[in-house]
Every structure is written in structure tokens, then in C-alpha cells.
Amino acid sequence: TQLLARDGITTVGDAGVQYEDIAGYRSLIREGKLPIRIYAMILYPLALPDKPEIGDYLTIRSLKIVADGALGSRGAAMIEPYSDDPGNRGLVIRDRATIRAAAENALAKGFQVNTHAIGDLANRTALEAYGDVLEGPNDKRFRIEHAQIVAPEDFAKFKQFSVIASMQATHATSDMLWAQDRIGPERIKGGYAWQTFLHLGVHVPNGSDFPVEDPNPLWGFYSAVTRQKQDGTPNGGWFPSQKMSREEALRTWTIEGAYATFEESRKGSLEPGKMADFIMLSRDIMTVPAAEIIRAHVTLTVVGGKIVFSE
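Parameters and conventions
- Throughout this document, residue positions are counted from 1 along each chain, in the order its sequence is written.
- Per-residue local features are limited, in this predicted model, to residues with pLDDT of at least 70; the limit for side-chain atom pairs, both in listing and counting, is 80 or more; totals at the level of whole chains, interfaces and linings are taken over all residues.
- As a rule here, side-chain values come from all non-hydrogen atoms in the structure, and water together with hydrogens is ignored.
- Counted as salt bridges are all cases of a side-chain nitrogen of Lys or Arg within 4 Å of a carboxyl oxygen of Asp or Glu.
- Every helix listed is a DSSP run of H or I at least four residues long, and every strand listed is a run of E at least two residues long, numbered separately from the N terminus.
- Any residue under 20% of the maximum accessible area for its type is buried, any over 50% is exposed, and the rest in between are partly exposed; the area is computed with a 1.4 Å probe on protein chains only.
- A residue counts toward a patch only above 30% relative accessible area and without a salt bridge, and it is joined to like-charged neighbours within 9 Å or, for Val, Leu, Ile, Met, Phe, Trp and Tyr, to nonpolar neighbours within 5 Å.
- Where accessible areas are quoted, they stem from the Shrake-Rupley method and a 1.4 Å probe; at the residue level, only the protein chains shown are allowed to cover.
- By definition, two strands form a pair when at least two bridges between them are found by DSSP.
- Every angle, taken between N-to-C directions, lies between 0 and 180 degrees, and every axis is a line fitted to C-alpha atoms, over only the stretch in contact when it is a helix.

Q: Please clarify how the pattern of salt bridges should be interpreted in this entry.
A: Two side chains carrying opposite charge are able to pair once their charged atoms lie near each other. Tallied over the full model, the rule gives 22 salt bridges. With its nearest N and O atoms 2.8 Å apart, the salt bridge here joins Asp 132 to Arg 96. Here Asp 132 is found in helix H4 (residues 120–134), whereas its partner Arg 96 is found in helix H3 (residues 96–109), with 36 residues between them in sequence. The partner of Asp 154 in a salt bridge is Lys 157, with the nearest N and O atoms 2.5 Å apart. A single burial state applies to Asp 154 and to Lys 157, both of which are buried. Three or more residues joined by partner-sharing salt bridges are found here, namely Asp 56, Glu 263, Arg 266 and Lys 267.

Q: Teacher, can you tell me more about a nonpolar patch on the surface here?
A: A cluster of nonpolar residues, Leu 270, Phe 278 and Met 280, forms a patch on the protein surface that exposes about 310 Å² of accessible area. With respect to the element layout, Met 280 can be found in strand E7 (residues 278–281). Met 280 gets classed as partly exposed once you look at its relative accessible area, which sits at 44%.

Q: Teacher, can you tell me more about the sheet that holds strand E8 (residues 298–303) here?
A: Within the open sheet, the three strands sit side by side as E7-E8-E9. Their pairing is antiparallel. Two strands bound the open sheet, and with one partner strand each, they are E7 and strand E9 (306–310). For this sheet the average axis-to-axis angle between neighbouring strands, irrespective of direction, equals 15°. Pairing of E7 with E8, which is carried by four bridges, proceeds in the antiparallel orientation. For Met 280, the partnering residue across the bridge sits in E8 and is Leu 300.

In C-alpha cells:
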């Protein structure tokens, strides 16, 4: 957590905690050794508490379900076989009925549901399971974690059921050298499709997927606005129509993250009455040339008005 504070992170979504992790966080809080805030997601199939726990430094109000594997290993669950591995459709870890039952239980207890779904079949399965219990627009803020490859006809389901597309910009720049080989030139159009979601009015919070990717938000911000590797390739960016503006990217890393954890009234922007969670950077990432964004670094991190990192 000290290293994350150094990177300018004030709240972490811990996507899949065990009971011992929660005990560890509580111990750190008692000892005054937890510098940042934790939004903990209990890993299915662990039993949920009877009701959510809302705290300043530890909040437990969501369930994490894993629906499929990863795209790189061809474990993401796909509707049609992989283009570079005919006959393989990936790995279905949780089916619609399982996700539906878990979501019903979570909803009854007041918990959000956050489902890891990377392939288009996993995304469809999770969305249909959510739709079974949500039925229409709502404020339950169920999330799809990653939402990497989505079939064209399924994007609207995110809006229909008010599902949050919780995405990680560096996945696109890490995967772009081989992602199209995996799924071909047509399906890739539904991949890492940030603007498609934004144009529909879907909430898109950003993250790092640490420890799979580096936790540094500046790397994610750079990826979001350039869709390039840090050496500036490819020229113009990978599928550049899906780039975010700097304002859009900033929102995904701030107020959208707060919205995804039901905390937009308490954090996510600098306003009177909100928690004093903020950082200072060595460069203005909203105005410097894009290549210089990744040369910026955090000089100060403040959580609740308390300095938790400074140069």
C-alpha cells in the first residue's frame, strides 16, 4: 500500500479478497498503518456477510465472480472459436445460472456484483445473468470487470441494465501486438472499445489490473489517450477512434472510479464537503505533449487531508 501511495493511488479496488485479507486490512487500520482506502470485493464462492460494511478506509459491499480466463492464454470464453486456434472457444468458469443465483443473493443483501468477463461469450453470459435479476435501468451498479471483447449486439445491454464497464487501458496497449491474431479482424472491433461504451452513456472507470499490469495510473492515462506503447508505436495509435480525450481519461481515473464504488458524493473530485484525497504531479498531464505524460511522476499524495507520500 505504501508503493501504491507513491504512485498517487488513494483508493484501491481489491478484486477478490479472502477472509484473511479482510482481517489483515482491519489490523493495519487499527495500527494506523493503512495509508490508502480499500474497496474490497469478496471472491465468489465465499459467503457474503449479512450486510455491507461501509468505512473510511475499508468498504466491503461487492462480490467478485470470475466468468472466464484471459485472452492471451486463449482462456477467454468466446462465442466462436479462436481465429488462431480453431476448435477452442476458451474456458467458461461460471455459467449464467451460477452468476444469476449469486447475483440474486448479493442483491438481497445489498451487495454489488462485479464479474470478470474478457471474452464475448463471458460478457454476454454475465450481462444476461444480470438482466435476469435487474430487468431494466437501475442504480445497483453491477460491473463487468475488463469487458475486453464484446459482441456488437451486446454493447446496448450495458446501458439497458445500467452495467458499469470497469476497464483497464493498459490491457489494450499490452495486448495489441497479438489480440487480432487471437480473434480476427471483425471481432477485434468490439475489443477495448472505450468510445463505444462512452457514446452509449455507459460508465467506464479505469484501473490497472495490478499485479497483472503496472499499477501506475499515469501509464494507464497515457494508454487511454494515445493507444500507443510507451515508445510511441503504432503511429497514430491502435484503432485510434477508440482513444479517450484527456478529459474523458481523467474522469475514468477519478469521478468514474468513485461512482463505481458508490462514493461519488464523497470523493472523485475536488469539491467542498468531499474527502481531501488528491495528488500533485511533476507535470501538467492535461497540457504537455502526449509523449511526456509517462515522464510525469507523483510529488505528493494526500488521503483525507493527510500526506501519505511526498518527495
